[in-house]
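Residue-level listing of the chains:
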2 protein chains.
Amino acid sequence: MPATDRVEAVAEQVFVALADPRRRGVLAVLAANGPSTATDLADRLPITRQAIAKHLALLADAGLVTAEHGERRRVRYGLQPAPMQLAQQFLAALTRDWDHRLDALKNHLEG
Amino acid sequence: MPATDRVEAVAEQVFVALADPRRRGVLAVLAANGPSTATDLADRLPITRQAIAKHLALLADAGLVTAEHGERRRVRYGLQPAPMQLAQQFLAALTRDWDHRLDALKNHLEG
DNA sequence: TTGTATTGCAACCAGATAGTTGCTATTCAT
DNA sequence: ATGAATAGCAACTATCTGGTTGCAATACAA
């Protein structure tokens, strides 16, 4: 698989993740408070722990958070900025590409 | 409503739009070929015209495409880059914010 | 050992989403 | 007037998504 396809796949997962306000909420709490457990997050957000757990699973699958297993069966989830940066680059490239193509079409019509 | 909320609302719609491969396909065709009708797009993509029309409605709602009514009842949809740029700025700000907060947390632990 | 706190799994529900088919209306050419 | 091409609307289906409740298992404290 070409590298650009893998980039697009990661970007897609990031877009899916950021498309949901509750997931953005989870990420915001993690950014503000540092690594937290699902139970901690459920205290600060208006949904149940199990709902949080599902969102965390999706975020972990996208690489946006990673789980670290601590003492007493506790699992803390921490932010992982790399996929965000990838998605940002993908978005920037897409915008540039569009602008370039639209300019080319415009010039083609004028010329 | 504060301006940042409106930015976030637009960014969310862009993320939703870009989260779907078929929608990215529609946008790619529009970028490559310029404004096109739903029927044109249906010829180039593996889904029916009606499915395309639904995606176009969502994209238009997000401001990513605009409809121009032409002759003979034809409606052509063209790319609109502004919301993309907004989403890009939102994503960049988010990434910066995370990095800043994570650094602060790290320094807090070390200091 | 009993209790408390935590995680993980499964079943279930309601609503949204993607797609299809079928139909109607409009426009223009023959 | 007929026919071809296009766009829009509605109904229907299947799948995905977000959320809940309930329950079992684990770990530690008293």
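Quantities reported herein were computed from a predicted structural model and do not represent experimental measurements.

Visitor: I would appreciate a short explanation of the protein's contact with DNA strand D in the present structure.
Guide: As a structural note, the neighbourhood of DNA strand D is formed by 19 residues, with Arg22, Thr48, Lys54 and His55 of chain A together with Thr39 of chain B the closest of them. When atoms of DNA strand D within 4 Å of the protein are split into backbone and base, the sugar-phosphate part holds 60%. Taking aspartate 20 of chain A, its side chain carries an N or O atom lying 3.1 Å from a phosphate oxygen of DNA strand D. Threonine 48 of chain A is positioned such that a nitrogen or oxygen atom in its side chain is 2.4 Å from a phosphate oxygen of DNA strand D. Looking at the surface near DNA strand D, the elements that each hand over two or more residues are helix H2 (21-33) and helix H4 (49-61) of chain A together with helix H4 (49-61) of chain B. Of the residues forming the surface near DNA strand D, the biggest block, 4 residues, is contributed by H4 of chain A.

Visitor: Teacher, can you tell me more about the protein's contact with DNA strand C here?
Guide: Neighbouring DNA strand C are 19 residues; Thr39 of chain A together with Arg22, Thr48, Lys54 and His55 of chain B lie closest to it. Of everything in DNA strand C that lies within 4 Å of the protein, sugar and phosphate atoms constitute 59%. The separation between a phosphate oxygen of DNA strand C and a polar side-chain atom of threonine 48 of chain B is 2.5 Å. At the level of secondary structure, the elements contributing two or more residues to the surface near DNA strand C comprise H4 of chain A together with helix H2 (21-33) and H4 of chain B. Counting residues per element, the surface near DNA strand C draws most heavily on H4 of chain B, at 4 residues.

Visitor: Would you mind showing me how to read the nonpolar core here?
Guide: In summary, soluble globular proteins display a tendency toward joint burial of nonpolar side chains. Counting 58 residues, the largest nonpolar core has Phe15 and Leu56 of chain A together with Phe15 and Leu56 of chain B as the members making the most contacts within it. Excluding its chain neighbours within four sequence positions, the residues that come into contact with phenylalanine 15 of chain A are Ala87, Phe90 and Leu91 of chain A together with Phe15, Leu18 and Ala19 of chain B.

Visitor: I tried to follow the relation of the copies chain A and chain B on my own but got confused; where do I start?
Guide: Mapping between the two copies of the chain is achieved by a rotation about an axis and a shift along the axis. Of the transformation superimposing chain A on chain B, the axial component is 0.0 Å and the angular component is 180°, with the fit at an RMSD of 0.1 Å. On the angle and the small slide along the axis, the relation comes out as a two-fold axis. Relative to the rotation axis, the closest C-alpha in chain A is found at phenylalanine 15 of chain A, a distance of 2.5 Å. By residue overlap, the copies meet face to face through one surface: 100% of the interface positions of chain A are interface positions in chain B.

What counts, and where the lines are drawn
- Residues numbered from 1 in each chain as written.
- Chains lettered and ligands numbered in written order.
- Predicted model: local features only at pLDDT ≥ 70, side-chain atom pairs only at ≥ 80, totals over all residues.
- Heavy atoms only, no water.
- Near = heavy atom within 4 Å.
- Polar contact = N/O pair within 3.5 Å; in protein donor to acceptor, adjacent residues only side chain to side chain.
- Helix = DSSP H or I, 4+ residues; strand = E, 2+ residues; numbered from the N terminus.
- Core = buried A, V, L, I, M, F, W, Y, C linked by side-chain atoms within 4.5 Å.
- Buried < 20%, exposed > 50% of the residue type's maximum accessible area, 1.4 Å probe, protein only.
- Contact = heavy atoms within 4.5 Å.
- Least-squares fit on C-alpha atoms with pLDDT ≥ 70 in both.

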